[in-house]
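Structural overview
Residues per chain, in single letters:
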There are 2 protein chains.
Amino acid sequence: MAKARVPKRPYHHGKLREALLEEAERILNKRGVDGLALREIARRVGVSHAAAYHHFEDRDGLVCALAARGFERLASDLAAGARRADGPAGFDEMGVAYVAFAARRPGMFRLMFGPEAAAGRADPEIRANVDAAFSILLEGARTIVATPGDDRAVRCVALRAWSLVHGLASLLLDDQLSHHGLALRDHERIAREVLAARRLLL
Amino acid sequence: MAKARVPKRPYHHGKLREALLEEAERILNKRGVDGLALREIARRVGVSHAAAYHHFEDRDGLVCALAARGFERLASDLAAGARRADGPAGFDEMGVAYVAFAARRPGMFRLMFGPEAAAGRADPEIRANVDAAFSILLEGARTIVATPGDDRAVRCVALRAWSLVHGLASLLLDDQLSHHGLALRDHERIAREVLAARRLLL
DNA sequence: ACCTGAACACCGTTCAAGT
DNA sequence: ACCTGAACACCGTTCAAGT
């Protein structure tokens, strides 16, 4: 019998970057950004701890790459939300979708807006995804504003709406509301209640 | 000449807990929660790296103690804000004060609501301070609601207002708005603009 | 072009021992 | 009651060397 000559994994992984990001996201969902350790990710993917540095500048580089993916998904979730209803009601649905995104992916949500991804705010890949998400928000704001041509008014409404849902999502995730009988699991009902002030954002 | 017999610092520090917290806050303001290292804090206070464990259960314990101080200051800032104007306008001032607190102490603000202080949400010392801050918010909400006796309505307004200012503060700190011409340094003007929808929170 | 192992300078945490 | 030093098991990051 010939000895096992074929190594289980070839020296070159082939799609290590992808594999690292996927493993990272698994850990992110379970233990949050602070639980993300480059060495552990490499270990679990079955590669040396130094290998990751051929695909990311450093730990923050990987965090930024994750953030880029997050904003991509957020944009698509927001667009899907807007499609659930016509006109102004579609804007409410976007808000509900925003909070739902945070509730479904708390680790990712915190990572996207956290200080470790701050370096990536300038990165063109991330910027493009962030801008895409923001454009969807602007379009939504345009549908509820009295003068859709007034860009300043549209941006003001968008800022209020973003602040409102971002704050609600953050407070829910950070467990600040459960002592007032508002549980994370009821995020959809709570979001609708908070957004009932919609025409009041104007 | 007698040799220096009096040690610079006695074996027992006396108020080590205080000293550690103060040094921690200095670092917190400069480098954020992630920059907080128990060993470095001890080193700078001039004490062994294990000494801190006689005053805090672990690193999260120190973070929670910092959070308790933070909520105390937030409550006093909010109260001071409310005193700046009578009636409903006082509620706006509270919102401005909330955002100003975040802008002045970004590291502290993030720590207070971040995942590392999550363990402390149950701690009675922190709870008392959080509840004190929340009570001030509720009182403010009561002044702008049409039916101050309707507790449900008051809490709903409070939640909207809190979400709005918390979201705005977070987005400003996390540098999500600077690309839209909204700089952290203009936090007061921006907060007033966003809060101009006050009577619309109802 | 991509991956490895050893090395370095940090951490958090524990614990027996000192004052 | 409070503090120390050594020890352990982790990190992130770098770099010469391997394939």
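This text gives an overview of the structure that appears in the document. Because the structure is a prediction, the values reported are computed rather than measured.

Each value, and the rule that gives it
- Residues numbered from 1 in each chain as written.
- Chains lettered and ligands numbered in written order.
- Predicted model: local features only at pLDDT ≥ 70, side-chain atom pairs only at ≥ 80, totals over all residues.
- Heavy atoms only, no water.
- Helix = DSSP H or I, 4+ residues; strand = E, 2+ residues; numbered from the N terminus.
- Buried < 20%, exposed > 50% of the residue type's maximum accessible area, 1.4 Å probe, protein only.
- Near = heavy atom within 4 Å.
- Polar contact = N/O pair within 3.5 Å; in protein donor to acceptor, adjacent residues only side chain to side chain.
- Nonpolar A, V, L, I, M, F, W, Y, C, P; charged D, E, K, R; others polar.
- Salt bridge = Lys/Arg side-chain N within 4 Å of Asp/Glu carboxyl O.
- Expected span 1.5 Å × (residues − 1).
- Least-squares fit on C-alpha atoms with pLDDT ≥ 70 in both.
- Contact = heavy atoms within 4.5 Å.
- Buried area = accessible area lost by both parts, 1.4 Å probe.
- Lys, Arg positive; Asp, Glu negative; His and termini not counted.
- Phe/Tyr/Trp six-rings, centres within 6.5 Å; stacked < 30°, edge-to-face > 60°.
- Axes fitted to C-alpha atoms, helices over the stretch in contact; angles between N-to-C directions.
- Parallel < 35°, antiparallel > 145°, perpendicular 65-115°, else oblique.

Regarding its fold elements, chain A presents 8 helices and 0 strands. The N-to-C order of helical and strand elements in chain A reads α-α-α-α-α-α-α-α. Principal axes of the C-alpha set define a box for chain A whose edges measure 80 × 40 × 30 Å. Burial status across chain A gives 51% buried among its 202 residues.

With that settled, consider the protein's contact with DNA strand D. The local shell around DNA strand D holds 25 residues, among which Arg39(A), Arg43(A), Ser48(B), His54(B) and His55(B) are the closest. Near-protein atoms of DNA strand D (within 4 Å) split between backbone and bases, with sugar and phosphate holding 51%. At 2.9 Å from a base oxygen of DNA strand D is found a side-chain nitrogen or oxygen belonging to Tyr11(B). The contact in question runs from a base nitrogen of DNA strand D to an N or O atom on the side chain of His54(B), over 3.2 Å. Of all the elements, helix H2 (residues 38–45) of chain A adds the most residues to the surface near DNA strand D, at 4 residues. Per-class residue counts for the surface near DNA strand D are 11 nonpolar, 8 polar and 6 charged.

Before going further, it helps to examine the pattern of salt bridges. Per the counting criterion, the structure on display carries 39 salt bridges over all chains. Among the ionic contacts, a cluster of salt bridges with common partners joins Glu23(A), Arg26(A), Arg31(A), Glu40(A) and Arg44(A).

Another point: the protein's contact with DNA strand C. In the vicinity of DNA strand C there are 25 residues, among which Ser48(A), His54(A), His55(A), Arg39(B) and Arg43(B) approach most closely. Counting only the atoms of DNA strand C that lie within 4 Å of the protein, the sugar and phosphate share comes to 51%. Separating a base nitrogen of DNA strand C from a side-chain N or O atom of His49(A) is a distance of 3.0 Å. Separating a base nitrogen of DNA strand C from a side-chain N or O atom of Tyr11(B) is a distance of 2.9 Å. Take the surface near DNA strand C: its biggest share by element is 4 residues, from helix H2 (residues 38–45) of chain B. Split by residue class, the surface near DNA strand C holds 11 nonpolar, 8 polar and 6 charged.

For helix H3 (residues 59–82) of chain A, which comprises 24 residues, the first-to-last C-alpha distance of 35 Å matches the rise-based estimate of 34 Å (1.5 Å per residue) to within 8%. Its side-chain oxygen 3.2 Å from the backbone nitrogen of Asp60(A), Asp58(A) forms the N-cap of H3(A).

When chain A is fitted to chain B, the best match, at an RMSD of 0.0 Å, comes from turning it 180 degrees and sliding it 0.0 Å along the axis. A rotation of that kind, with that shift, is consistent with a two-fold axis. Residue Gly167(A), judged by its C-alpha, is the member of chain A lying nearest the rotation axis, at 1.7 Å. When the interface residues of chain A are mapped onto chain B, 100% of them are again interface residues, pointing to one common binding face.

The next point concerns the interface of chain A and chain B. Tallying the contact residues gives 39 residues for chain A and 39 residues for chain B. Interface area for chain A against chain B, summed over the two sides, is near 3300 Å², with a carbon-plus-sulfur share of 61%. The salt bridge involving Arg152(A) is made with Glu193(B); its shortest N-O contact spans 3.3 Å. Linking chain A to chain B there are 12 residue pairs in polar contact (both at pLDDT 80 or more). Counting only elements with at least two residues in the side of chain A that touches chain B, the list comes to helix H5 (106–113), helix H6 (124–144), helix H7 (151–173) and helix H8 (187–195) of chain A. If one sorts the elements of the side of chain A that touches chain B by residue count, H7(A) sits on top with 13 residues. By residue class, the composition of the side of chain A that touches chain B is 21 nonpolar, 7 polar and 11 charged.

As a further point, take the side chain of Arg121(A). Looking at the element boundaries, Arg121(A) is found in the loop between H5 and H6. The side chain of Arg121(A) sits in the buried core without any salt bridge; Asp174(B) is the nearest counter-charge, 5.1 Å away. A polar atom in the side chain of Arg121(A) sits 3.5 Å from the backbone oxygen of Met112(A). Sequence-distant contacts of Arg121(A), that is, excluding residues within four places in its chain, are made with Met112(A), Phe113(A), Gly114(A), Arg127(A), Asp174(B), Asp175(B), Gln176(B) and His179(B).

Next up on the list: the packing of aromatic side chains. This model, assessed by the stated rule, comprises 8 aromatic pairs over all chains. Between Tyr98(A) and Phe109(A), the ring centres sit 5.9 Å apart and the planes meet at 90 degrees, which makes this aromatic pair edge-to-face. Of the two residues, Tyr98(A) sits in helix H4 (residues 87–104) while Phe109(A) sits in helix H5, which places them 11 residues apart along the sequence. Neither Tyr98(A) nor Phe109(A) differs from the other in exposure class; each is buried. A centroid spacing of 5.1 Å and a plane angle of 55 degrees characterise the contact between Phe109(B) and Phe113(B), whose relative ring orientation is tilted. Of the two residues, Phe109(B) and Phe113(B) are both situated in helix H5 (residues 106–113); the distance of 4 residues between them amounts to about one turn of the helix.

Here we take up the packing of H8(A) against helix H7 (residues 151–173) of chain B. The N-to-C vectors of H8(A) and H7(B) enclose an angle of 90 degrees; their axes lie 10 Å apart at closest approach. The angle between the axes of H8(A) and H7(B) places the two elements in the roughly perpendicular class. Contact residues: Ile190(A), Glu193(A) and Val194(A) in H8(A); Arg152(B), Cys156(B), Leu159(B) and Arg160(B) in H7(B). Of the residues belonging to the contact of H8(A) with H7(B), the class tally is 4 nonpolar, no polar and 3 charged.

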